[in-house]
Amino acid sequence: MRIGVVGAGMIGSTVAKLWVDAGHDVRLASRHPEALAPLVTQLGARASAGTPADAATFGDVVMVTVPLNAMPGLARDLAPLLAGKIVIDTGNAYEKRDGDAARIATQHPAGSAGWAAAMFPRARWVKGFNTVYFKVLASEAHRQSDRVGIPLAGDDRDALETVATLVRDAGFEPVIAGALARGKEFEPGTPPYNTGKSARDLRGLLG
């Protein structure tokens, strides 16, 4: 599968490596793609770099992993390019970092993912990969038993199943919570957040 990754920080670069290792083609994006050359070299021939628009155009699935306060600007540039595409939103609202955007997003009826998704009305939005520290993602992928769970929420069932497959390819176990609004149940400050819980334990929390 062709996957675009908009935001090549800790989460984006870590998950990109896991997907490249699983045989997917990944295009990482930055406003300065030339700065990604060392990472692309490290990841190998299935990895490439480009602008956010390049990654959005390239990917059958696009992971958006940027600070929440960057979403409005990103939407102005990428919303038309992401129409009809599956988007994985890794975002979390941190008031110290995101300011007013964090307060507004957390007050949205469907949580921060619902707030972000509303800016990309034709994208097939899935919240995921937001609960596990990047070092845990790197060290615990493909462990032999009781795999780390990755909770997912979205309103498009087929999109959820596609992302669930990518979660498995990365070496984790998907836990589908349900509709996008249920993403509020695994945002910062909730029991599943930043715990690295197993899929079994997450299912007990999320039902």
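This text follows the structure it describes.
Owing to the predicted nature of the structure, the values given are computational and were not obtained by experimental measurement.

**Q** For this particular structure, what's the right way to read the pattern of salt bridges?
**A** Between side chains of opposite charge, pairing is possible as soon as their charged atoms come close. Counting across every chain of the model gives 12 salt bridges. With its nearest N and O atoms 2.9 Å apart, the salt bridge here joins Asp-25 to Arg-46. Highlighted residues: Asp-25 in strand E2 (residues 25-29) and Arg-46 in the loop between helix H2 (37-43) and strand E3 (47-50), separated in sequence by 21 residues. In this structure, Asp-156 engages Arg-124 in a salt bridge whose closest nitrogen and oxygen atoms are separated by 2.8 Å. Note that Asp-156 is positioned in the loop between strand E7 (149-154) and helix H9 (157-170) and Arg-124 in strand E6 (residues 124-127), a separation of 32 residues in sequence. By relative accessible area, Asp-156 is classed as partly exposed at 23%. What you see here is one network of salt bridges that share partners, running through Glu-95, Asp-100 and Arg-103.

**Q** Sorry if this is basic, but what is going on with the sheet that holds E3 here?
**A** Whenever strands of a sheet pair, they do so through backbone hydrogen bonds, lying parallel or antiparallel. Strand order in this open sheet of eight strands is E3-E2-E1-E4-E5-E6-E7-E8, and the pairing throughout is mixed. Each having just a single partner strand, E3 and strand E8 (173-178) make up the two edges of the open sheet. Sheet twist, expressed as the average angle between the axes of neighbouring strands with direction ignored, equals 25°. Direction of pairing for strand E1 (residues 2-6) relative to E2: parallel, over a ladder of five bridges. The residue bridging Ile-3 from the neighbouring strand is Val-26, located in E2.

**Q** Whenever I open this one, the pairing of strand E4 (residues 61-64) confuses me. Can you help?
**A** Sheet faces and side chains relate simply in a regular strand, where the side chains alternate between the two faces. Burial along E4 is two-sided: Val-61 and Met-63 facing one way and Val-62 and Val-64 facing the other are all buried. Judged from the four bridges that link them, E1 and E4 form a sheet pairing that is parallel. Across the sheet, Ile-3 pairs through a bridge with Val-61, a residue of E4. Where E4 lies against strand E5 (residues 86-89), four bridges are found, and the strand directions are parallel.

**Q** Hey, could you run me through H9 in this one?
**A** It helps to recall that an α-helix has 3.6 residues per turn; residues three or four apart then point in one direction. The first and last C-alpha atoms of H9 sit 20 Å apart over 14 residues, in line with the 20 Å expected at 1.5 Å per residue. Listing the buried residues of H9 in full gives Ala-159, Leu-160, Val-163, Ala-164, Leu-166, Val-167 and Ala-170. One face of H9 carries all of its buried residues, which in axial projection span an arc of 165°. Facing away from the buried surface of H9 by more than 90 degrees, the exposed residues are Arg-157 and Asp-158.

**Q** Could you clarify how one ought to interpret the side chain of Glu-187 in this entry?
**A** Mapped onto the fold, Glu-187 is located in the loop between E8 and helix H10 (199-206). On the accessibility criterion, Glu-187 (9% relative accessible area) is buried. Here Ser-112 takes part through its side chain, which lies 2.8 Å from a polar atom of the side chain of Glu-187.

**Q** Looking at this model, I keep getting lost on the environment of Arg-2. Mind explaining?
**A** Its place among the elements puts Arg-2 in strand E1. On the accessibility criterion, Arg-2 (39% relative accessible area) is partly exposed. Spatially, the C-alpha atom of Arg-2 lies 28 Å from that of Gly-111, the residues being 109 residues apart in sequence. Not counting residues within four places of it along the chain, the set of residues in contact with Arg-2 comprises Asp-25, Phe-58, Gly-59, Asp-60 and Val-61.

Calculation rules
Residues numbered from 1 in each chain as written. Predicted model: local features only at pLDDT ≥ 70, side-chain atom pairs only at ≥ 80, totals over all residues. Heavy atoms only, no water. Salt bridge = Lys/Arg side-chain N within 4 Å of Asp/Glu carboxyl O. Helix = DSSP H or I, 4+ residues; strand = E, 2+ residues; numbered from the N terminus. Buried < 20%, exposed > 50% of the residue type's maximum accessible area, 1.4 Å probe, protein only. Pairing = 2+ DSSP bridges. Axes fitted to C-alpha atoms, helices over the stretch in contact; angles between N-to-C directions. Expected span 1.5 Å × (residues − 1). Arc of directions from axis to C-beta. Polar contact = N/O pair within 3.5 Å; in protein donor to acceptor, adjacent residues only side chain to side chain. Contact = heavy atoms within 4.5 Å.

Distances and angles like these do not, on their own, reveal function.
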